[in-house]
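Descriptive analysis of the structure
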Amino acid sequence: MFFYEMITLSTNGVLSSAYDFQSAFIANLIVSVSAGLVGGIYTVNLMEKWIRNFAFWKALVFIIVTYTAAALIISFLGALYISSENLNMSFLHTEVLEETLFFFGTWMFLKNYIIWLVIVLLTLIVLMVNDKYGPGVFPDYLMGRYFSPKKERRIFMFADLKNATGIAEELGEEKYFNFLKDFFKDIAPAIVQTRGEVYQYVGDEIVVTWKMKWGIKDANALRCFYSMKKILRFKAKRYMTKYNVVPDFRTGYHFGSVMVGEIGQIKRDIAFSGDVLNTTSRIQGLCSDLDVDILASKDFGDVCYKLPKNVMKQAVGKEKLRGKADEMELVTYVWNKD
C-alpha cells in the first residue's frame, strides 16, 4: 500500500520535493510490523475463541471494538514517529502530539481503517471455512471446484484408536469425549504439516486424505503416521496425568479414483465416494488381526516408493478383505533403529 500510494502520487505529479522517503518508509514499517504481530496473535487467539463461545453478533462487536483499539494504538505509533521526524522534535513535544492527534481526523486514517477492517473480516471468513472443510480446501471451494462432482485420484488413511471401547468404559462418557477431543487436536499438526485434509471423524476414527501429488511428495502420507506417533509419545505424560491412559492408534492406507463434490441440502458438505474408501477401511480393520500398527495395499506401497528416513517396507502377503471377493496383497512398515 505504501509503495502503491507513493507511485500514484509521483505519477500524478503531486509528490512534494520535500517528501522524506526514509521517514515515511520507517513509519509504515512500524505500522506494518506492529499490525502484523498484534493482528496475527489477535486473529488466531481471540477471534476464533469469541466466535466459538459467543453469539455471532456479540463476537462481531468484540472483534470490531478490539480491532478499533488496536488500529488506534498502532496508527498512533506510526503517526508519532513521522510527526517527530517532520518537526524534528522529541516524541513527547506538544506540537508533535498535536500533529499526531490531527492525523486521526484525516481521510488517510479513515481509509486505512476501513480497508484493514475488511481484510480482518475476510480473514475471519477464510478461517471459518478452513475450520469447516479443513486447511487447503478453501481455494478449491472458492473456485467452485466441488459444486459439480469431479473424479480425483487420492490417498486415504483410516486411523482408528486402539482399545476405544475399554478406554470409554474406564473414563466415562464426558471424560472420554474430552479424551477424543484432545487426541484429535494433538495429531492435527501432523496432518497439516504433511498437506493432508481431514475428511471426517467417525466416533474414535479419523479419515485423512491427500491429493496424489502431495501425499507422495516427501512420503507425506506415511510421514503423517510417524509424526502422529511422535506427538503422542511427547504428550504421554500429560495424558497419563489427565486420563491415566495414552492414546494409540492403527492405520490403513490405500489410494485410487473417487468422486468428490458438494453434497446435501439441509447441511452441505464435501463428500468422497468410491470403492477405495471401503477398501482402506477393510485394510485398517486387519491391523489388529496381523498385530501391526500400519498396513497398506501393495499398490500404495509401490506408488509411494520414497519412504521416510529409517522406515522400511515389509511384504505381508495376500489377505482376504471383508466383503471382497479377491485377496489383496498388503505391506506394512517398520522403524529401523539402525
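See the structure above.
Throughout what follows, the structure given in this document is the object of discussion. (Residues numbered from 1 in each chain as written. Predicted model: local features only at pLDDT ≥ 70, side-chain atom pairs only at ≥ 80, totals over all residues. Heavy atoms only, no water.)

1. Digging into the overall build of the protein
To keep it simple, the criterion reads: For helices the rule is a DSSP run of H or I covering at least 4 residues; for strands it is a run of E covering at least 2, with both sets numbered from the N terminus onward. Our radius of gyration looks at C-alpha atoms and nothing else; its globule reference is 2.2 Å times the residue count to the power 0.38. Relative accessible area decides the class of each residue, using a 1.4 Å probe on protein chains only: under 20% of the type maximum gives buried, over 50% gives exposed, and in between gives partly exposed. Contacts are assigned to residue pairs with any non-hydrogen atoms lying within 4.5 Å of each other. Values of accessible area rely on a 1.4 Å probe in the Shrake-Rupley scheme; residue burial ignores everything except the protein chains shown. By the counting rule applied here, Lys and Arg register as positive and Asp and Glu as negative, while His and the ends of each chain are not counted. Taken as the charge location is NZ of Lys, CZ of Arg, CG of Asp or CD of Glu.
Along the backbone of the protein there are 14 helices and eight strands. The globule rule puts the C-alpha radius of gyration for 338 residues at 20 Å, and the 27 Å found for the protein is more than 25% above it. By principal-axis analysis of the C-alpha atoms, the protein measures approximately 85 × 50 × 45 Å. Put simply, the protein has 338 residues, and 37% of those count as buried. Taking all contacts inside the protein whose residues are at least 6 apart in sequence as the whole, residues at least 24 apart take part in 65%. Just so you have it, the protein exposes about 20000 Å², and 60% of that area is on carbon and sulfur atoms. In the protein, 39 positive and 35 negative side-chain charges are present, and the distance between their average locations comes to 3 Å.

2. Let's talk about the packing of aromatic side chains
Where two aromatic rings form a pair, the distance of their centres and the angle of their planes describe that pair. Rules: Side-chain rings of Phe, Tyr and Trp, where Trp is taken by its six-membered ring, are said to pair if the distance between their centres is within 6.5 Å; with planes under 30 degrees apart they count as stacked, over 60 as edge-to-face, and otherwise as tilted. Look at NZ for Lys and CZ for Arg. If either is within 6 Å of the ring centre and within 35 degrees of the ring normal, a charge sits over the ring.
Applying the stated criterion across every chain, the model contains 20 aromatic pairs. Ring geometry for Phe 104 against Phe 109: centres 5.0 Å apart, planes inclined by 75°, an arrangement best described as edge-to-face. A relative accessible area of 21% places Phe 104 in the partly exposed class. In this structure Phe 109 comes out as buried when scored by relative accessible area, which is 12%. Joined through ring pairs, the aromatic side chains of Phe 183, Phe 184, Tyr 201, Phe 225, Tyr 226, Phe 249 and Trp 335 make up one cluster. Sitting over the face of the ring of Trp 214, Arg 195 holds its NZ or CZ atom 3.7 Å from the ring centroid. Looking at Lys 229, its charged tip hangs above the ring of Phe 249, at a distance of 4.6 Å from the centre.

3. Let's talk about the pairing of strand E3 (residues 205–211)
Our working definition: At least two DSSP bridges between two strands are required for those strands to pair.
The element E3 is extensively covered by neighbouring structure, given that six of its seven residues are classed as buried. Here strand E1 (residues 150–161) pairs with E3 via seven bridges, running antiparallel. Bridging from a neighbouring strand, Ala 159 pairs with Ile 206 of E3. By the bridge criterion, five bridges tie strand E2 (residues 197–202) to E3 in an arrangement that is antiparallel. In the strand pairing of E3, Val 202 is matched with Glu 205.

4. Observations regarding the side chain of Asn 220
What counts here: What qualifies as a polar contact is a pair of N or O atoms within 3.5 Å, subject to a donor-acceptor requirement within protein and to the restriction that residues adjacent in sequence count only when both atoms come from side chains.
Among the structural elements, Asn 220 can be located in helix H10 (residues 220–234). A polar atom in the side chain of Asn 220 sits 2.4 Å from the side chain of Arg 223. In this structure, Asn 220 is in contact with Thr 194, Arg 195, Trp 210, Trp 214 and Gly 215, ignoring residues within four places of it in sequence.

5. Some details on the nonpolar core
One recurring pattern in soluble globular proteins is that nonpolar side chains are buried together. Test applied: The definition of a nonpolar core used throughout is a set of buried Ala, Val, Leu, Ile, Met, Phe, Trp, Tyr and Cys residues joined through side-chain atoms within 4.5 Å.
Counting residues in each nonpolar core, the largest one holds 40 residues, and the members touching the most others are Phe 179, Tyr 253, Phe 300 and Tyr 333. Setting aside residues up to four positions removed in sequence, Tyr 333 forms contacts with Leu 222, Tyr 226, Ile 294, Ala 296, Phe 300, Gly 301, Leu 307, Val 311, Met 312 and Lys 313. Membership of the second largest hydrophobic core comes to 11 residues, among which are Trp 50, Ala 59, Ile 63 and Tyr 113.

6. Remarks on the pattern of salt bridges
The following threshold applies: A side-chain nitrogen of Lys or Arg and a carboxyl oxygen of Asp or Glu constitute a salt bridge if their distance falls within 4 Å.
Summed over all chains, the structure comprises 12 salt bridges. Of the charged contacts in the structure, one is a salt bridge between Asp 293 and Lys 162, with a shortest N-O distance of 2.7 Å. Of this pair, Asp 293 sits in the loop between helix H13 (287–290) and strand E6 (294–297) while Lys 162 sits in the loop between E1 and helix H7 (164–171), and the two are 131 residues apart along the sequence. The closest approach of N and O atoms between Lys 298 and Asp 302, which form a salt bridge, is 3.0 Å. Here Lys 298 and its partner Asp 302 are both found in helix H14 (residues 298–303), four residues apart, which amounts to about one turn of the helix. Linked by salt bridges that have partners in common, Lys 162, Lys 229, Asp 248, Arg 250 and Asp 293 make up one network.

7. Regarding the packing of helix H3 (residues 56–87) against helix H4 (residues 94–103)
Put simply, the test is: Note on method: axes are straight lines fitted to C-alpha atoms, helices fitted across the in-contact stretch only, with angles between N-to-C directions ranging 0 to 180 degrees. Angle categories are assigned with fixed cut-offs, so that under 35 degrees is roughly parallel, over 145 is roughly antiparallel, 65 to 115 is roughly perpendicular, and the rest are oblique. Helix crossings are classified by the rotation of the near helix relative to the far one: an anticlockwise turn of less than a right angle makes the crossing left-handed, while a clockwise turn makes it right-handed.
Their axes nearest at 8 Å, the elements H3 and H4 cross at an angle of 130°. Taken as axis vectors, H3 and H4 run oblique relative to one another. With respect to the hand of their crossing, H3 and H4 are arranged in right-handed fashion. Here H3 contributes Ser 75, Phe 76, Ala 79, Leu 80, Ser 83, Ser 84 and Leu 87 to the contact with H4, which in turn contributes Glu 95, Val 96, Leu 97, Glu 99, Thr 100 and Phe 103.

8. Overview of the packing of helix H8 (residues 173–193) against helix H11 (residues 236–243)
Keep this limit in mind: Residue type decides the class: Asp, Glu, Lys and Arg count as charged, Ala, Val, Leu, Ile, Met, Phe, Trp, Tyr, Cys and Pro as nonpolar, and the leftover types, Gly among them, as polar.
The N-to-C vectors of H8 and H11 enclose an angle of 170°; their axes lie 12 Å apart at closest approach. As judged from the angle between their axes, H8 and H11 are roughly antiparallel. Judged by residue contacts, Lys 175, Asn 178, Phe 179, Asp 182, Phe 183 and Asp 186 of H8 engage Arg 238, Tyr 239, Lys 242 and Tyr 243 from H11. Among the residues making up the contact of H8 with H11, the classes are represented as four nonpolar, one polar and five charged.

9. What to know about the side chain of Ser 297
Here Ser 297 is to be found in strand E6. With near-sequence residues (within four places) excluded, Ser 297 lies in contact with Tyr 253, His 254, Ile 283, Met 328, Glu 329, Leu 330 and Val 331.

10. A closer look at the environment of Ala 271
Relative to the helices and strands, Ala 271 resides in strand E5 (residues 269–273). Residues Ala 271 and Pro 149, spaced 122 residues apart in sequence, show a C-alpha to C-alpha distance of 9.4 Å. Not counting chain neighbours up to four residues away, the residues in contact with Ala 271 comprise Tyr 199, Met 259, Val 260, Gly 261 and Ile 263.

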